[in-house]
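Survey of secondary and tertiary structure
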Amino acid sequence: MTALRSLRLKKNADRRLKAGHLWLYSNEIDTQATPIKEVEAGAQVVVEAANGKAMGVAYVNPHSLICARMVSRDPAQGLDRSLLVHRLNQALALRQRLFDKPFYRLVHGEGDLLPGLVIDRFGDVLVVQLNTAGMQAVLPELLDALDKVLAPSSVVLRNDTSGRRQEGLEAGVEVVKGELPDRVLLEENGVRFVAPVLDGQKTGWFFDHRVNRAWLNGLVAGKRVLDLFSYVGGWGVQAAASGAREVLCVDASGPALERVAENAALNGLHEQVAVGEGDAFEVLAALKAEGEEFDVVILDPPAFIRKRKDIPNGERAYGKLNREAMRLLGRDGLLLSASCSMHLAPERLVDVVRGAVRHQDRQGQILFQGHQGPDHPVHPAIPETSYLKALGVRVFRD
């Protein structure tokens, strides 16, 4: 490996790295010894403790609060094609142990020791997100490594994330290998879907709720179900496939609801699944005014809390959403309440649901506490890699 320049840490700033964390913050760098502003965004460096001992290799972005991310504990091994092949093989081996079909998150950033990289797999189609300058810098090596490990027919770059803007990178969507089929298909919990990988949210699909959906699927037979923030029908269409009598999918996006209808028809469920376009809070109020009632309500909203400063307003929004949803439940109903906000602690979601239950003068029983699926592994030293919460709550009148 070509000799890399060094990045020296301040005294005691190596504690988190020794504990396994992969991030370095700008205020932890000894900028007198190693001026980080002189390092090009995306370049790799050898990280040194204050005493000069080499601790491994990281890539750098001097313009970001997280100014460096570790990619190797071996000072002689940088992020190159060889290491990418190794890490991709490690990630693939885990998914092949977990799933019998090739539909899953293949790489979950830091959770798979590849910070800044997300890859979702839809059979022979891979959708890749490069969220950092360091990952962008090794794109050619990454594409070579993907060919070596999986030989995909198509690779899509979904480089339109907010993280790229924070890293000073350009946004865009591009097919960089092969041609996409007319419909990119996936299967989850035995139900087939079309994933809008070019123009849908994130990579086109949310594999992280697979296990939580499977739990709910076992409780919806014969029930009337409301799926708010339905996106393309991940929850609602699966509920219908699991025997729900009637499902109403609500989303603010007309194109997403067209996908709901397409996915329902793909599974022969078009008669059970209806759609409604509109703001979730307005739709909840309208349904209540019309006297509608449901056996099951699913709340899987986008992140109401994106930064720490958003916590107070975000918690109020979650509270209002859960209160209004509970008003539509029958006497003995089931609420699935989820949050993908990393900054909302699991116990705070419990508090939100408890407050909503008491506000409606009902009783609540938490039957299920879910989180992200195992293809979104949590790094034990990085709490930020654990973000998804889901509560299954029986809401009833005593």
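Below is a short write-up of the structure. By convention here, each chain's residues receive numbers from 1 onward along its written sequence. Only residues with pLDDT of at least 70 are given local features in this predicted model, and only at 80 or more are side-chain atom pairs given and counted; all residues enter the totals for whole chains, interfaces and linings. Values shown for side chains rest on all heavy atoms present in the structure; no hydrogens or waters enter the calculation.

**A closer look at the overall build of the protein chain**
Keep this limit in mind: Numbering of helices and strands starts at the N terminus; helices are DSSP runs of H or I of at least 4 residues and strands are runs of E of at least 2. Throughout, radius of gyration means the C-alpha value; the globule benchmark is 2.2 Å times the number of residues raised to the power 0.38. Exposure is judged per residue with a 1.4 Å probe applied to protein chains only, and the accessible area is read against the type maximum: over 50% gives exposed, under 20% gives buried, and values in between give partly exposed. In these tables, accessible area is a Shrake-Rupley quantity obtained with a 1.4 Å probe, and a residue counts as shielded only by the protein chains included in the view.
From N to C terminus, the protein chain includes 11 helices and 19 strands. In terms of overall dimensions, the protein chain is globule-like: its C-alpha atoms have a radius of gyration of 23 Å, near the 21 Å expected for 398 residues. In terms of principal-axis extent, the alpha carbons of the protein chain reach across some 70 × 45 × 35 Å. A buried classification covers 55% of the 398 residues belonging to the protein chain. On the protein chain, roughly 17,600 Å² of surface is accessible, and the fraction owed to carbon and sulfur atoms is 48%.

**Here we look at helix α4 (residues 139-149)**
Heads up, the condition is: To obtain the arc, one takes the directions from the helix axis to the C-beta atoms. Note on contacts: a residue pair qualifies if any of its non-hydrogen atoms lie within 4.5 Å across the two residues.
Where α4 is concerned, the buried positions are L139, L142, A145, L146 and V149. Buried residues of α4 fall within an arc of 120° about the axis and therefore sit on the same side. Seen from the buried face of α4, the exposed residues on the opposite side, beyond 90 degrees, are P140 and K148. As for α4, its buried residues are in contact with α2 (81-98), β7 (117-122), β8 (125-130), α3 (133-137) and β9 (154-159). Backbone geometry just after α4 places A151 at a positive phi near 45°.

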